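What the coordinates show
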Amino acid sequence: MSGTNQEIEGGSGGGSGTPTQIGVSVDGLGSAIQVGSLGFSLPNFAGTIVSWNIIGDVVGDVVVDIKVGGVSIVGAGNKPTIVAGTNASAAVAGWTTAAFVANTAIEYEITSVATFKRLNLVLNLI
């Protein structure tokens, strides 16, 4: 996305050395965020996505799809979504698959958005 500042994140916890979160931050640099790909994570470890957290800078709406190989791994499940709010979180439910192997490119794609200029999405892992 042109005019955006993106950052893929990872964090480790519990002394295991394996990250417990991956995600993406996007900053429209003063402009509204647009529909499209936010970028990719390429974790060098296997994991399972168990929940998600999403937060934006103002009250708005957004839906983010998670893809592997260009195909949604959420399917008909609960995509990370905010409706008329600033944040939301949920356990993964109904996803086609939530597990991934090491070195899998995980893409974050906004499928609809209104109002947000900044957004942060975190996928919590086990």
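Residues numbered from 1 in each chain as written. Predicted model: local features only at pLDDT ≥ 70, side-chain atom pairs only at ≥ 80, totals over all residues. Heavy atoms only, no water.

1. Topic: the nonpolar core
Operational definition: Here, nonpolar core means buried Ala, Val, Leu, Ile, Met, Phe, Trp, Tyr and Cys residues that are tied together by side-chain atoms lying within 4.5 Å of each other. Accessibility here uses a 1.4 Å probe with only protein chains present; expressed as a share of the type maximum, an area under 20% marks a residue as buried, one over 50% as exposed, and anything in between as partly exposed. Each helix corresponds to a stretch of at least 4 residues labelled H or I by DSSP, and each strand to a stretch of at least 2 residues labelled E; elements are numbered beginning at the N terminus. By definition in these notes, contact holds between two residues if any of their heavy atoms fall within 4.5 Å.
The biggest cluster of nonpolar side chains holds 27 residues, and the ones touching the most others in it are I54, V64, I66, Y108, L119 and L121. Every element with two or more residues in this core is listed here: β2 (19–27), β4 (47–68), β6 (81–91), β8 (106–114) and β9 (118–125). Counting residues per element, this core draws most heavily on β4, which supplies six residues. Ignoring anything within four residues of it in the chain, the contact list for I54 reads V62, V64, P80, T81, I82, T86, N87, A88, L119, N120 and L121.

2. A few points about the pattern of salt bridges
Our working definition: Any carboxyl oxygen of Asp or Glu within 4 Å of a side-chain nitrogen of Lys or Arg constitutes a salt bridge here.
Applying the stated criterion across every chain yields a total of one salt bridge. Notably, a salt bridge pairs K67 with E109, separated by 2.4 Å at the nearest N-O pair. Pair noted here: K67 is in strand β4 and E109 is in strand β8, with a separation of 42 residues, a long-range link. There is no split in this pair, since K67 and E109 are both buried.

3. Let's talk about the confidence of the model for the protein
Our working rule: Residue-level confidence of the predictor is what pLDDT reports, using numbers from 0 through 100.
Per-residue confidence for the protein gives a mean pLDDT of 89; residues scoring 70 or more make up 85%. At the low end of the mean pLDDT range in the protein sits strand β1 (residues 5–12), at 46; at the high end sits β6, at 98. Across residues 1–9, where pLDDT falls below 50, the model places 37 contacts with residues more than four positions away in sequence or in other chains. Note on residues 11–15: pLDDT is under 50 here. Beyond four places in sequence and across chains, it has ten contacts.

4. A look at the pairing of β8
Using the following cut-off: Here, any two strands with at least 2 DSSP bridges between them count as paired.
Where strand β3 (residues 36–41) meets β8, five bridges bridge the pair, whose relative direction is antiparallel. Bridged to F40 within β8 is E107. Pairing analysis gives eight bridges linking β4 to β8, with the strands arranged antiparallel. Bridge pairing in β8 places I66 opposite Y108.

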